[in-house]
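# What the coordinates show
Each chain is listed here by its residues.
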Amino acid sequence: MDIEALIGRFAARLDAAKVAYGHGTDNARDEAYRLVMGGLRGQPLTAGSRAALEALLEQRIRARVPVPYLTGEAWLAGVRFDVPPGVMIPRSPIAAVLAAGVAPWLADEPGRVLDLCCGTGALGILAARAFPGARVDLADDDARAIGAAAINIERAGIGDRAELLKSSLFDGLAGRRYDLIVCNPPYVPTAELAAAPAEFDHEPRHGLDGGSDGLAVWRRVVARLDDFLEPGGVLLGETGNLSGAFDAAFPHLRAVWLAVDGAERQAGGDFGVFVAAGALAGPARRRERL
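Residues numbered from 1 in each chain as written. Predicted model: local features only at pLDDT ≥ 70, side-chain atom pairs only at ≥ 80, totals over all residues. Heavy atoms only, no water.

### Some words on the pairing of strand E4 (residues 135-140)
- For E4, a buried count of five out of six residues is recorded, marking the element as mostly surrounded by other parts of the structure.
- Two strands pair when backbone bridges link them, and strand E3 (residues 112-116) and E4 are joined in this way by five bridges, in the parallel orientation. In the sheet register, arginine 112 faces E4, and the bridge partner there is arginine 135.
- As for the winding sense of the linkage, the β-α-β connection from E3 through helix H6 (residues 122-130) to E4 is right-handed.
- For E4 and strand E5 (residues 162-166), the ladder comprises five bridges, and the chain directions are parallel. Within the sheet, the bridge partner assigned to valine 136 lies in E5 and is alanine 162.
- One crossover worth recording links E4 to the parallel E5 by way of helix H7 (residues 143-156), and it is right-handed. (Buried < 20%, exposed > 50% of the residue type's maximum accessible area, 1.4 Å probe, protein only. Helix = DSSP H or I, 4+ residues; strand = E, 2+ residues; numbered from the N terminus. Pairing = 2+ DSSP bridges. Right-handed = clockwise from strand over helix to strand, strands pointing away.)

Structure, rendered in structure tokens:
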């Protein structure tokens, strides 16, 4: 059996097992491809490697372990990231917005960028790739995430432009200001998380749970946003299906909800990704830029 046939066979088994997707893929074929290619890591398909892949497939089906935890890698915007167990799996549609240069909301390349709640560092690294002249801070309060991000920063070759900081949101960033803040915080309402498919139980709960209404962490971010966002700067964030609740909670941000090619629409019909300016930008400036 060649690799293509094995992928097809694995896809059929995943489909029959009715596994849940959402950790970088949304269908059985892509899930099988990531499992096989990630398991092989460029090595040939042999009897031994096929047996190892079959064992990974069994874990995926029986224990509902997401593929990135089985292969140790995730792909976002065509870039590979190390993903150890216990660290959030990168899959944010924010990646597509960064690849497009956050246009047209950023008139100029940002000088300083912050990836807040950075996890594996994926979004900060993608920001560094999109803006080669920018310095990027990546902040998280979880030691495992910091360790994974350090590996990914080294692999990306941006160590001279990136600083990794252990910080609970803005607490460890005093005195720093940014032209672009990228933030994908925990935003799943607690009750909704309790009903999520078993695959999501493998991710750290603190990386998903946004409190009773999903906005607990966002409230802490927005409360201090203007101490860290430069005048005319841009906040690029994600809320899942909470766009209506977010607008109601933070009307002064005048969030603009983006259509993201290739991303899944949320329950409210949008893609859960927004841009907004800080209050220091002023109403007139905000209308002009957003």
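### A word on the environment of alanine 12
- When you line up the elements, alanine 12 lands in helix H1 (residues 3-17).
- With relative accessibility at 46%, the residue alanine 12 sits in the partly exposed group.

### A look at the sheet that holds E3
- Pairing in this open sheet of seven strands is mixed, and the strands run E5-E4-E3-E6-E7-E9-E8 from one edge to the other. Edge strands, defined here as strands with exactly one partner in the open sheet, are E5 and strand E8 (256-257).
- Contacting E3, strand E6 (178-183), strand E7 (229-238) and strand E9 (273-277), helix H9 (residues 216-224) crosses the sheet at an angle of about 170° to E7. (Contact = heavy atoms within 4.5 Å. Axes fitted to C-alpha atoms, helices over the stretch in contact; angles between N-to-C directions.)

### Re the packing of aromatic side chains
- Under the counting rule described, the total for this entry stands at seven aromatic pairs.
- Centre to centre, the rings of phenylalanine 170 and phenylalanine 228 are 4.3 Å apart; their planes meet at 5°, and the pair counts as stacked. Here the residue phenylalanine 170 occupies a position in the loop between E5 and E6, and phenylalanine 228 occupies one in the loop between H9 and E7, the gap between them amounting to 58 residues. Taken as a pair, phenylalanine 170 and phenylalanine 228 share a single burial class, namely buried.
- Taken together, a centroid distance of 4.8 Å and an interplanar angle of 65° make the contact between phenylalanine 246 and phenylalanine 250 edge-to-face. This pair shows no difference in class: phenylalanine 246 is buried, exactly as phenylalanine 250 is. (Phe/Tyr/Trp six-rings, centres within 6.5 Å; stacked < 30°, edge-to-face > 60°.)

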